[in-house]
Amino acid sequence: MPEHRIFAAIYDRLLAGTEKGGLREMRADLIREARGRTLELGAGTGHNLDHYPAAVGELVLTEPDRFMAARLRAHLAAEPPAPPNVEVVEAPAEQLPFDDASFDTVVATLVFCTVEDPERAIAQARRVLRPEGRLLYLEHVRSADSPRLARWQDRVERPWGWFAGGCHPNRPTDETLPAAGFEVEQLNRGTFPKSGVTPWVRPLISGSARPAP
């Protein structure tokens with residue numbers, strides 16, 4: 001897993017306009033559905049922490065980049081979230097160090113675009129979820145509506161990844177979820193707020209999915 005010292009240092013400033021422009025509300029709408037023992041993949045610097053409801057009894061935050069994890073721990077120390085039990089684990093989404101069927105909820109926001117192996121990461125999320133558990137996701141994806149935009153996403157994939165901490169703007173996560181063992185119960189299509197966001201990362205999906213039997 002590559003580490004991004006500089007990207008971690010500027011990440012909050014890069015997202016500030018987008019968060020104020022509506023991304024914060026999108027996070028809140030999604031995460032209010034979390035329940036029970038909850039795992040967040042790729043927690044970054046902690047943008048989701050303010051949104052976890054009292055129904056979350058235990059919160060485990062994974063973050064593979066040690067520079068991001070350091071900022072996440074500083075955020076937790078300065079502004080403890082509502083769940084009484086919070087743990088930070090430095091682990092990639094593709095290699096989760098948790099037992100099978102050990103979480104009620106898995107949260108992934110802006111994660112599957114950056115992992116090295118999205119199919120494996122999503123399969124790991126399914127593995128650690130209880131049979132009745134839910135994956136809550138908010139991800140930018142390859143455009144399903146505009147072939148022209150999708151071609152641009154392909155063209156800029158490599159240079160954009162260098163700039164944006166390994167982000168791939170053209171991943172079809174909406175297709176990968178069912179292929180990796182999930183039944184999608186809700187899939188909303190939309191766009192990220194324009195503020196601070198380039199066109200090739202604006203196509204958005206959000207919703208929930210359950211482990212397929």
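Below is a summary of the structure that appears in this document.

Rules and cut-offs
- Residues numbered from 1 in each chain as written.
- Predicted model: local features only at pLDDT ≥ 70, side-chain atom pairs only at ≥ 80, totals over all residues.
- Heavy atoms only, no water.
- Pairing = 2+ DSSP bridges.
- Helix = DSSP H or I, 4+ residues; strand = E, 2+ residues; numbered from the N terminus.
- Axes fitted to C-alpha atoms, helices over the stretch in contact; angles between N-to-C directions.
- Contact = heavy atoms within 4.5 Å.
- Salt bridge = Lys/Arg side-chain N within 4 Å of Asp/Glu carboxyl O.
- Buried < 20%, exposed > 50% of the residue type's maximum accessible area, 1.4 Å probe, protein only.
- 1 Å grid on protein atoms, 1.4 Å probe; cavity = no way out; pocket = protein on both sides within 12 Å on 5 of 7 lines; lining within 4 Å.
- Points joined across faces, edges and corners; volume = space filled by probe spheres on them.
- Nonpolar A, V, L, I, M, F, W, Y, C, P; charged D, E, K, R; others polar.

## What about the sheet that holds strand E4 (residues 103-109)?
Moving on, step 1. With mixed pairing, seven strands are arranged side by side in an open sheet as E3-E2-E1-E4-E5-E7-E6. Two strands lie at the open edges of the sheet, namely strand E3 (85-89) and strand E6 (182-191), each paired on one side alone. Taken pair by pair, the neighbouring strands of this sheet meet at an average axis angle of 15 degrees, ignoring direction.
Moving on, step 2. Two elements, strand E5 (residues 129-140) and strand E7 (residues 203-211), share six bridges in a ladder whose sense is antiparallel. Residue glutamate 139 lies in a different strand from E7, and its bridge partner there is isoleucine 205.
Moving on, step 3. Sitting on the sheet, helix H2 (residues 66-78) touches strand E2 (58-62) and E3, and the angle it makes with E3 is about 165 degrees.

## Overview of the pattern of salt bridges
Moving on, step 1. Applying the stated criterion across every chain yields a total of 12 salt bridges.
Moving on, step 2. A salt bridge links arginine 32 to aspartate 29, with the nearest nitrogen and oxygen atoms 2.8 Å apart.
Moving on, step 3. When its relative accessible area of 46% is taken as the criterion, aspartate 29 is described as partly exposed.
Moving on, step 4. Between arginine 73 and glutamate 90 there is a salt bridge; the shortest N-O distance is 2.9 Å. With a gap of 17 residues between them, arginine 73 in helix H2 and glutamate 90 in the loop between E3 and E4 connect regions that are remote in the sequence.
Moving on, step 5. Taking the relative accessible area as the measure of exposure, arginine 73 reaches 37% and is therefore partly exposed.
Moving on, step 6. For glutamate 90, a relative accessible area of 42% gives the class partly exposed.
Moving on, step 7. Connected through salt bridges with shared partners, the residues Glu33, Arg134, Glu185 and Arg210 form a single ionic network.

## Some remarks on the layout of surface pockets
Moving on, step 1. Approximately 1100 Å³ is the volume found for the largest pocket.
Moving on, step 2. Lining of the largest pocket is provided by 48 residues; of these, Phe7, Tyr11, Thr114, Ala164 and Cys167 occupy positions nearest its centre.
Moving on, step 3. Those elements that provide at least two residues to the lining of the largest pocket are helix H1 (5-31) and helix H4 (147-163).
Moving on, step 4. Counting residues per element, the lining of the largest pocket draws most heavily on H1, at seven residues.
Moving on, step 5. If you add up the space inside the second largest pocket, you get close to 220 Å³.
Moving on, step 6. For the lining of the second largest pocket, the secondary-structure elements that each account for two or more residues are H1, E5, E6 and E7.
Moving on, step 7. Ranked by the residues each element gives to the lining of the second largest pocket, the list is headed by E7, at four residues.
Moving on, step 8. Looking at the lining of the second largest pocket, its residues break down into five nonpolar, five polar and four charged.

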